[in-house]
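# Architecture at a glance
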Amino acid sequence: MEDLLQSAQSFIRVLKSNNDTSFPSGLTKITIARAGWESKALYLPRKAGVVLEWLLPSIYKEHKDEANPGQLDLAYWDLLADILSDPGDTQIEPIILRFSAHVWINTFFATYAATPSHSREQLSNRFTHILHVVWPILIQRAGLDALTECVGSSFNVIYGIGIKGLNENLNAMFNLVLSGFTHSFVNSNVTARKKAYGTFCQHHFLFWLHAVSVLKITHPLGRRVYDLGTDVLYNPDSLRVALENNSASKTGTSISSVIFKTSLKDDPIARTLLVYILPHLCKSYALALRLHRSAIFTGSPLGTKTREQILQMTGNFLSEIWDFLEDLKEIEPAHIIWKTIADILQVVEEESLFDPVNSQQLTGLLERVNKEASSLLDYALDDSQSILMTHALDILSCLHRIEPGLIVSSVPHILQCIVIASSLLQLPAQRFLTQLILYYSKTRTLPTLVSLLFSALATPFSHFPHSDPLGIYRLCVCSSLLSVTFVNELTQAFEHFVTPGQAHELIILSSNIVSESLRQISQVSPQKRVKLDSQESKVSTGSTNDKLAASVSFALVSRFGASILRILISSNSKKHPFEARERYLEDMDTSISKAIRDAIVSLSQQLKSTPSLGKRPRPSHLERPQWVQHCLCASLLRFWYEVLDQETLHLNTSEVLSQLLSDVLDLMSEGIFPELQLEAGRTVLALQTKPMALQTTPATKDRPLKVVLDYIERNLLSKMGHIFSTSDANVSAFHDCAEKAALSLWGLLLERFLPALEASAPIEQLHRLVSFIARINAAAIFTSELETVIKRAFNSAYFWELPRLRESMSNLIETQTTAFASFDTAPLINAMVRGETLLIKEQIMLCEVSRTDAESAAEIFSLMHHFPPEYLSKVSKVDLVTRAMNADVYVSALNSDLEPMLRGVEWRAIFRSFISNSIKDTNLKMARNLVLTPTGMAYFALSPQNHAPLSMYATSTLDLMLAIQIATKGDDTYIKNTVDYFVAGSMFQEDQSFIRRYFTQFVEALINEFNPSSFRQHTLAHLHQSCATIEPGLQQALSFAVEGPDDKFSSLEDFIDAWHALISLKHWLGIAQSPNATVVNRQLFRRTVNVMKAATPNCPTVSDAFLAAVLSTLIIEVQTTLQTGWDDMGGMLAAYICFVSFSPSAMEVCNTVLSRACKSLSPVQYGHGLNLIREMLEDDNEVPSRLTIIVRLSTVFLRGAPEKTSKILYEHMSRCLFVFNHEALFTSGSSELRGHTLEFIQCHFTDRAATLKPSDAMYTLLILSKMLTGCPEHDAHTSTSIFKAIIYILDTMIRLRRDLLNPLLPQLAIVLRQLMTLVRCVRPHLGSKQHRLVADTLPRWINPSEALGSDDARALSRLLSAFTTKYLIRGYDTHEQKATSLARPFARHAPYVLLAYIQMMNDPLSMVAMSVRRELEPGLFSLCTMMGEHGRDTLMMQSLDVGGKALLKSIWKEYNKQRYIGRG
């Protein structure tokens, strides 16, 4: 090697030789070239040029090698990258330009494809570096043809590697190539663009299509690829040529031939991909026509004529799209085609591409779409076609938004299909109905809509045979037309858009339709009960079918009519004529009352004729005549309940029902249709609130509530079984109709009719009702429906204020807990603590208590958890606590038996939770005797013997023991007994997690609630001795566990918490920490770090709570250090950064632990911690992600500052502001880092405004100005939190430290001008250059597509208003001061802030939303107040053009309207 590099001639000779055979073994030309380039001894005037003259042809030659295409050593690319990074030769450009741009790109792509996957990232990194150097040189000489080939190669590679193969280097390289082509294409002449257009369409269109489909348009690179393709396809030259060379009916044929014909040539994949992007192509086509309208339509003036031509061209383009999709309907799946049509119509709506006057061709097309989409709804009942039906309804909704007249003729048919639509179409159907409500509300024709809805509901059998009437009825009842959402929307529309005359018309319409539907039932001849021949049988069957259809029609019409009439005759409505409403309802009331009487009497006679329940058919097996009667009767009762049972109406139906009350009660028996049972129950409950119910005899007075409760018990409670006492409690929903009806009736009873029934019902029935409440509450935790009903009842104040119900509740409590009123539990406790099973059995047999008593007690104590604190007296609570303790001991003994109760653990948790809450509420001392003894301590710490979940049990037990501890007020005996229990207990065993948790919470309560001086000396000595006894065992157990496997180590959270509690207790007692404790803490930290490093998705890792526990041990070590603890402080901060870096979700829990600990640090330790944080912030080598954590750490230290640290904080804050200002990363880095930086500044300005100095205010304004500076790159989403933080900081400075801003008012005005320009947004349909002119002026954290909203404008307005508000300065100066404002000092700067708003409004490339302008008005008026007329005139004369002057006059005119002038 040295011989070859002795001189420049030998080195050049080696490079120019033909082969490598003459070199020593192991040497190649690339090795010699690398050595020569790196050798400093080899002098060569143009070394870079010499090496490149050999290197570049070698790379190209290897690329062209047919035997091994693309096989090239990475050493070539490495050497080329090193040379280009520092060539030292200014004449290498000619060498680079020997190979065109597409040769460079194709060479790399061939090499990349042949490179193994593990080396591709290194290769792409090298070539991206190379391309950044050579591309500016190549782009100057590269023609559009070469760049077109580069782009085509890029498309091919993107399609080959897919989105998963992309990395940052490839992304940057593709962006460089795409931007170069775009720039060259825009700036080339017409001939070059036409040639590039032809090449792209002929050779690269399919590759572009594949690349877009692989990347997706939502991906940033995918969007750039898509935009490049549409810029080429829809360039002004191609659009102009198409317009000039074709007639109006064939406009755009050349473009459409490329899009629709090329992709159909034996490439089904490309055809499918084209269907996917057709909506985007349609939108881009419309945008291109508008963008290039001045270049395309040169022969006509811009205006109405141009818009007509644009609409005509887009209409022709859409027609060709429709023809293309028509050809694909037999090839592609139907739901894909209709999804594409729905998306295209969405584009038509968004871009306003339809004009009824100028879009005749598009009108015909949309009418065809409407006709076919409406015909698709004929399959609305088929669940397998739900996706297709969803698209059809979305298309119809979109057509209605585009032009309501397009689908007016189809609305009746659509509504009829929605009535019988599958439940899977609820959402799209609801969207369509919402569109109808909006349209008919705007046109003030809601009666027309109501008439259409009645017509659709009156003919449900027009699409179905009569084979399954019950199924059809249930399907129609669940329709969107009868849903609560639709009725609520219709109610709001009636309230706002129905006139009194229309309300009058709607009452007549609804009444007539309901009456007519009822009259049709009576007109159908009843079936004769005689034997018929075959001909008469057919007639009878037809009669039954007619009556069936009429009954179902009446059920649907009456249900909808009840909703309409309830709205219109409601006493809350003020628009309908009250005087006339009863007159139009009297006839309907007469017919309804007669129909109700006939139906109830007929059903009553049938029930009496079959008194045996076993002979009655099940509701699902009812014959058609019977089902018709049940359905008709249920509809009539529902209509009466919802409409005619109004307090403001005086109708006769209620009296008729009262007379038939006994028959109505019979309808709740078995064998009745569940819907009729529910309506009968509602009717019975409603009749109990009528005055006539008070006139009934005592014999009949008891029956209504009894029948209702019997029905609930039969269909709800009995079917739940013993759900509270069994292990299988996975009851998630009620599937049977009878159960749902019973649940609805139960909710109605509790929420609406309970006060009336409580006042009149017999006491026995109230006792039964309360027992139902207890039983259902016990099972409510397993069913969401029951839980919702119970919670709504318990959240009502009236429920707890009913006196008779309260009496029944007390009676139930006494009845279900009386078994545990008094019996000796000491023998059972002693036997359980000693584990004597036989003795436990004997004691259980001696107790006069059963398991049923325990279940009843658990039910009632579970109910008492919902009682308000004052519901039970203190005496009652004392007695109940005793009973709860006795029940707990009994259930515990049963669990210790050989046949334990499966739900005993949950019952014990209920008992202990009740005792704990009672002690906390009333500070009861009677519960201490059991726990104060060592035996009682051991009893409460016993773990259950079965494998039931222990979380609720452990939590309730710990709460009970801690509540007793606090209630004892630091009783020395209790403290001694508790500590002795920990010393004697098996706290160090792995399975004793409960004892460790109890020890942790015991120490925490002891430290937080008491002071060492409150205990006697012998108690403190006992605590000292106990700590010395516990520490070695716990330390040994923890050390052994730390050395264990990773899966066991990650479950040591309770061990670490107990260790932290022990160290805290020693610090609280003033005991010095042992060196072994420090060793254990550091071992724990090192092992945690090792486990985190080795963590993989398949291996267990540590939780956030575990990390917080480890951090707590390091914090307590810092707190207990007798010296400064500097090394420990550094370790604690390193642990925080390490933990949060590993698990970002652990930041909140770690912040909580650290903030609480900072308050107990000494000023020296706290100052040292701040110094360490500041050094990390000033380190240039810090990773940005770690800087974010460090800034957050500094904020935590700032908020948890201890006393006597103001000076330390003052110096730390000033230095941090200096670092933030001079390091660009804090103002232009990641969004998280910028957000945490502002949060740190905001925290200091809010909490310690008095410590600020002038330099702090200056640095803060500079930081804010940098964050508001424009940037060509933007985040994915706008960060409104940054905007609000800036507003908050400035507002704090103006209000609290106005004195610091007086010399900085020009800088403050600059920041305000920057803030003012942020509320604008980019106008739509701008070109890329125009878009960048506005976007580049916005800061990095604002995405141009997501402008700031009205809330942000309101915050800015409040900031400007603060200038005219008077405040007191918050500082250390104690002299008297007056409240003043910054209005006068800032008066000379206010015009320039207002000027920024005027310039923003007059900018033709941006716009400000109306809501934003409205919110900014108060702030603008404050500026006008400060600047006065003199400032206005100065601004008018010096800085404004004609548009600006007009805008300023308008602002000043509005300002004068609201200004107070001292009158009135």
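Quick note: structure is the one above.
Just so you know, these numbers come straight off a predicted model, no measurement behind them. (Residues numbered from 1 in each chain as written. Predicted model: local features only at pLDDT ≥ 70, side-chain atom pairs only at ≥ 80, totals over all residues. Heavy atoms only, no water.)

Each packed pair of helices is defined by two parameters, the angle between the axes and the distance between the axes. Direction vectors running N to C along helix α31 (residues 674-687) and helix α34 (residues 737-751) enclose 15°, while the axes themselves pass 9 Å from each other. In terms of their interaxial angle, α31 and α34 are classed as roughly parallel. Handedness of the α31/α34 crossing: right-handed. Residues Pro 674, Leu 678, Gly 681, Arg 682 and Leu 685 of α31 touch α34, and the partners they reach there are Cys 737, Ala 738, Ala 741, Ser 744, Leu 745, Leu 748 and Leu 749. Looking at the contact of α31 with α34 residue by residue, the classes come out as nine nonpolar, two polar and one charged. (Axes fitted to C-alpha atoms, helices over the stretch in contact; angles between N-to-C directions. Helix = DSSP H or I, 4+ residues; strand = E, 2+ residues; numbered from the N terminus. Parallel < 35°, antiparallel > 145°, perpendicular 65-115°, else oblique. Left-handed = near helix turned anticlockwise from the far one by under 90°. Contact = heavy atoms within 4.5 Å. Nonpolar A, V, L, I, M, F, W, Y, C, P; charged D, E, K, R; others polar.)

Residue placement: Met 885 occurs in helix α43 (residues 874-896). For Met 885, a relative accessible area of 11% corresponds to the buried category. Linking Met 885 and Phe 914, residues 29 residues apart in sequence, is a C-alpha distance of 9.7 Å. (Buried < 20%, exposed > 50% of the residue type's maximum accessible area, 1.4 Å probe, protein only.)

Quick look at unusual backbone geometry now. With a phi angle near 70°, Lys 216 is a residue other than glycine that sits in the positive phi range. If you trace the backbone, Lys 216 turns up in the loop between α10 (190-215) and α11 (220-233). Looking at Lys 216, the relative accessible area reads 39%, which means it is partly exposed.

Packing of helix α36 (residues 763-779) against helix α39 (residues 803-817) brings their axes to within 9 Å, and their N-to-C directions diverge by 65°. The crossing of α36 and α39 is right-handed. Residues Ile 763, Leu 766, His 767, Val 770, Ser 771 and Ala 774 of α36 pack against Arg 804, Leu 805, Ser 808, Met 809, Asn 811 and Leu 812 of α39. Classifying every residue of the contact of α36 with α39 gives seven nonpolar, four polar and one charged.

On to the packing of aromatic side chains. Per the stated rule, a full pass over the model turns up 28 aromatic pairs. When the ring of Trp 800 is compared with that of Phe 867, the centres are 5.3 Å apart and the planes differ by 70°; the resulting orientation is edge-to-face. Taken as a pair, Trp 800 in helix α38 (residues 797-801) and Phe 867 in the loop between α42 (851-864) and α43 lie far apart in primary sequence, 67 residues in all. Since its relative accessible area comes to 9%, Phe 867 is described here as buried. On the basis of an interplanar angle of 85° and a centroid distance of 5.6 Å, the ring pair of Phe 861 and Phe 911 is categorised as edge-to-face. One end of the pair, Phe 861, is in helix α42; the other, Phe 911, is in helix α44 (residues 904-922), with 50 residues separating them in the sequence. Pair check on accessibility: Phe 861 and Phe 911 agree, each one buried. (Phe/Tyr/Trp six-rings, centres within 6.5 Å; stacked < 30°, edge-to-face > 60°.)

No statement about biological role is implied by the geometric values presented.
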